[in-house]
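Results of the structural survey
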Amino acid sequence: MDPRHVKPESIAAQALGWVDDKTRAITPAIHVSSTYLRDPDNQYRSGRVYARADNPAFDQAEAVLAQLEEGAQAALFASGMAAATAVFQALSPGDHVLAPKVMYWSLRNWLMNFATRWGLNVELIDMTDPAAVQAAARPGVTKLVWIETPANPLWTVTDIAATAEIAHAAGALVAVDSTVASPVLTRPLTLGADIVMHAGTKYLNGHSDLVAGALVTREDSEFWRRVKTVRAQIGGTLGSFEAWLLLRGMRTLYLRVRAASQSAQRIAEHFNGHPLVEAVLYPGLPDAHGHAISMRQMQGGFGGMMSLRVKASAQGGEAAAIATAASVELWKRATSLGGTESLIEHRASVEGAGTPAPPDLLRLSVGIEDCADLIADLEQALARAHA
Ligand SMILES: *Cc1c(COP(=O)(O)O)cnc(C)c1O
């Protein structure tokens, strides 16, 4: 398959159409070896030495992902967090980085509690406001601008192209956590980003049965080689079986993300203005934060993630939200996102003190079940929570 002549749907469905040379198998073997034979003349001509650095099980999944993101190279990691933190650890103590105030909670925690102790100068700003990025970016000092869009758990939207322009003018690299959009809906590298990060745990795999992460780079740079060195040295390396599962999951990426996006749009429209719902946070609603930017930046839908702010019952908004989550029968009460099954979560309980999530907020990950079933279940849960 020549990836230049087919659509990304075709690339994903056939995982680039690779066939095993030895067996003609159309799905790859799983290589589990931790070590590789050295040539008699003391060279390593296979290019493989030890599986902490690299693994043949990664090749196809990394090639597929690099194509889907229109990047030069991809690298798989043991988790989304391993991927994200490798980017920050490729910087040097003293470097100034900008990150959003509203972002994936565990990464924000790591930045404030580990990266700062390690010497990074982390500044949290309103990344959705280009003027705030402009004011905070220090030419020659700011080395990285981290974007997450749409951002957990409020689904606020950052203009990748505009932010990249400001960051690059200051000499900073731009990395985008694109877990929620997935390459189906947004390709940050084509909008000026230097690195894209995914929690492969989520949409890329899509079946809630593995933990994985990935980075894709626009170009093979010195910085990218440092990131790969961090992976090899710290050992944030994915296992062979997980890489194989991830490749399998990506074959249905386009079908799953489009189905989830369509359902999410219908659910958002259904509950927007609903008497038991205070607000629906979803980039696909015309009055949503950054909707005009989403229209430009996301193609073919606005993703499967949204939040509902539940109208207060006699016990208040937080109690009503928790009671709604307690009353669902089809939705699953669980954290994470991007699987085939729909998940519901009281986000403030997960994030704790300092969370930007209002106490009445439920985070929804819309799966690929029948949409009317999902709406009916939320309706009955909201009604019971307010009875
Ligand atoms: C889940 C997630 C991560 C972290 O990924 P893990 O695989 O859980 O380490 C990072 N960013 C976003 C947006 C996520 O949803």
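Residues numbered from 1 in each chain as written. Predicted model: local features only at pLDDT ≥ 70, side-chain atom pairs only at ≥ 80, totals over all residues. Heavy atoms only, no water.

Attention shifts here to the overall build of the chain. Secondary structure summary: the chain contains 14 helices and 12 strands in total. Its C-alpha radius of gyration of 21 Å places the chain within 12% of the 21 Å reference for a compact globule of 387 residues. Taken along its principal axes, the extent of the C-alpha atoms in the chain is 80 × 50 × 35 Å. The long-range share in the chain, meaning contacts at least 24 apart out of those at least 6 apart in sequence, stands at 71%. As presented, the chain carries roughly 16,000 Å² of accessible surface, and 53% of it is formed by carbon and sulfur atoms. Placing the 33 positive and 39 negative side-chain charges of the chain at their respective mean positions leaves the two points 4 Å apart. (Helix = DSSP H or I, 4+ residues; strand = E, 2+ residues; numbered from the N terminus. Rg over C-alpha atoms; globule rule 2.2 N^0.38 Å. Contact = heavy atoms within 4.5 Å. Areas by Shrake-Rupley, 256 points an atom, 1.4 Å probe, with all protein chains shown as cover. Lys, Arg positive; Asp, Glu negative; His and termini not counted. Charge placed at Lys NZ, Arg CZ, Asp CG, Glu CD.)

Take the site of the ligand next. Taken together, 15 residues lie near the ligand, and Gly80, Met81, Asp177, Thr201 and Lys202 sit nearest. Here a nitrogen atom of the ligand and a side-chain polar atom of Asp177 are 2.6 Å apart. One of the side-chain N or O atoms of Lys202 is found 2.7 Å from an oxygen atom in the ligand. A total of 380 Å² of accessible area belongs to the ligand in isolation, and the protein chains cover 92% of it. Only helix H3 (80–89) and strand E6 (195–199) provide two or more residues apiece to the shell around the ligand. (Near = heavy atom within 4 Å. Polar contact = N/O pair within 3.5 Å; in protein donor to acceptor, adjacent residues only side chain to side chain.)

For the bond running from Thr149 to Pro150, omega is -15 degrees, close enough to zero to count as cis. You can see Pro150 is positioned in the loop between strand E4 (142–148) and helix H6 (160–169). Omega for the bond connecting Asn152 with Pro153 falls within 30 degrees of zero, at -15 degrees, which places this linkage in the cis form. Summarising the element assignment, Pro153 is placed in the loop between E4 and H6. Of note in this structure, Ser182 is not a glycine but carries a positive phi near 65 degrees.

For the rest of this paragraph, the subject is a nonpolar patch on the surface. Taken together, the side chains of Ile30, Val32 and Phe241 make up a nonpolar region of the molecular surface, amounting to roughly 300 Å² of accessible area. Relative to the assigned elements, Val32 resides in the loop between helix H1 (8–13) and helix H2 (56–68). (Patch = residues over 30% accessible without salt bridge, like charges linked within 9 Å, V, L, I, M, F, W, Y side chains within 5 Å. Salt bridge = Lys/Arg side-chain N within 4 Å of Asp/Glu carboxyl O.)

To continue, consider the packing of aromatic side chains. By the definition in use, this model includes 4 aromatic pairs. Between Phe88 and Trp110, the ring centres sit 6.1 Å apart and the planes meet at 50 degrees, which makes this aromatic pair tilted. Of the two residues, Phe88 sits in helix H3 while Trp110 sits in helix H4 (residues 105–115), which places them 22 residues apart along the sequence. In this structure an aromatic cluster arises from ring pairing among Phe88, Trp110, Phe114 and Trp146. Over the ring of Phe77 we find Arg231, and its NZ or CZ is 5.7 Å from the ring centre. (Phe/Tyr/Trp six-rings, centres within 6.5 Å; stacked < 30°, edge-to-face > 60°. Lys NZ or Arg CZ within 6 Å of the ring centre and 35° of its normal.)

A separate point is H6. Within an α-helix, residues lying three or four positions from one another point in the same direction, as the helix has 3.6 residues per turn. Those residues of H6 that fall on the buried side of the exposure criterion are Ile160, Thr163, Ala164, Ile166 and Ala167. Burial along H6 is one-sided: seen end-on, the buried residues are contained in an arc of 165 degrees. Summarising the geometry of H6, the exposed residues directed more than 90 degrees from the buried face are Glu165 and Ala169. Considering only its buried residues, H6 is in contact with helix H5 (130–136), E4, strand E5 (173–177) and helix H11 (291–297). Its side-chain oxygen at 3.2 Å from the backbone nitrogen of Ala161, Asp159 defines the N-terminal cap of H6. Positive phi shows up at Gly171, right after H6, with a value of about 85 degrees. (Buried < 20%, exposed > 50% of the residue type's maximum accessible area, 1.4 Å probe, protein only. Arc of directions from axis to C-beta.)

Applying the stated criterion to the full structure yields 19 salt bridges. Two residues, Arg296 and Asp159, come together in a salt bridge whose shortest N-O distance is 2.8 Å. Taken together, the residues Arg296 in helix H11 and Asp159 in the loop between E4 and H6 connect sequence positions 137 residues apart. Residue classification places Arg296 among the exposed positions, given a relative accessible area of 54%. Judged by its relative accessible area of 16%, Asp159 falls in the buried class. We note a salt bridge from Asp220 to Arg225, for which the minimum N-O separation is 3.1 Å. Since its relative accessible area comes to 46%, Arg225 is described here as partly exposed.

Here the focus is the domain arrangement of the chain. For the chain, the assigned domains read domain 1 (3–250) and domain 2 (254–385). Between domain 1 and domain 2, the contact holds 40 residues from the first and 39 residues from the second. Summing both partners gives a buried area of about 3,200 Å² for domain 1 against domain 2, and 60% of it is carried by carbon and sulfur. Interface area lost by domain 1 to domain 2 is led by Trp105, Leu185 and Tyr203, which between them contribute 24%. Counting across the domain 1 and domain 2 interface gives 2 salt bridges. (Domains from an automatic or database assignment. Buried area = accessible area lost by both parts, 1.4 Å probe.)

Quick look at the sheet that holds strand E9 (residues 305–310) now. Strand order in this open sheet of 5 strands is E8-E9-E12-E11-E10, and the pairing throughout is mixed. Strand pairing shows two members of the sheet lacking a second neighbour, strand E8 (277–281) and strand E10 (332–333), which therefore form its edges. In terms of strand pairing, strand E11 (residues 343–346) meets strand E12 (residues 361–365) through 4 bridges, oriented antiparallel. Across the sheet, residue Ile344 finds its bridge partner in E12, namely Leu364. Running at roughly 15 degrees to E9, helix H10 (residues 253–271) makes contact with E8 and E9 of the sheet. (Pairing = 2+ DSSP bridges. Axes fitted to C-alpha atoms, helices over the stretch in contact; angles between N-to-C directions.)

Turning to the pairing of E6, a few remarks are in order. Counting buried residues along E6, 5 of its 5 residues qualify, which places the element largely inside the surrounding structure. Burial along E6 is two-sided: the face carrying Ile195, Met197 and Ala199 and the face carrying Val196 and His198 are both buried. Bridge count for E6 against strand E7 (residues 213–217) is 5 bridges, and the pairing is antiparallel. In the sheet register, Val196 faces E7, and the bridge partner there is Val216.

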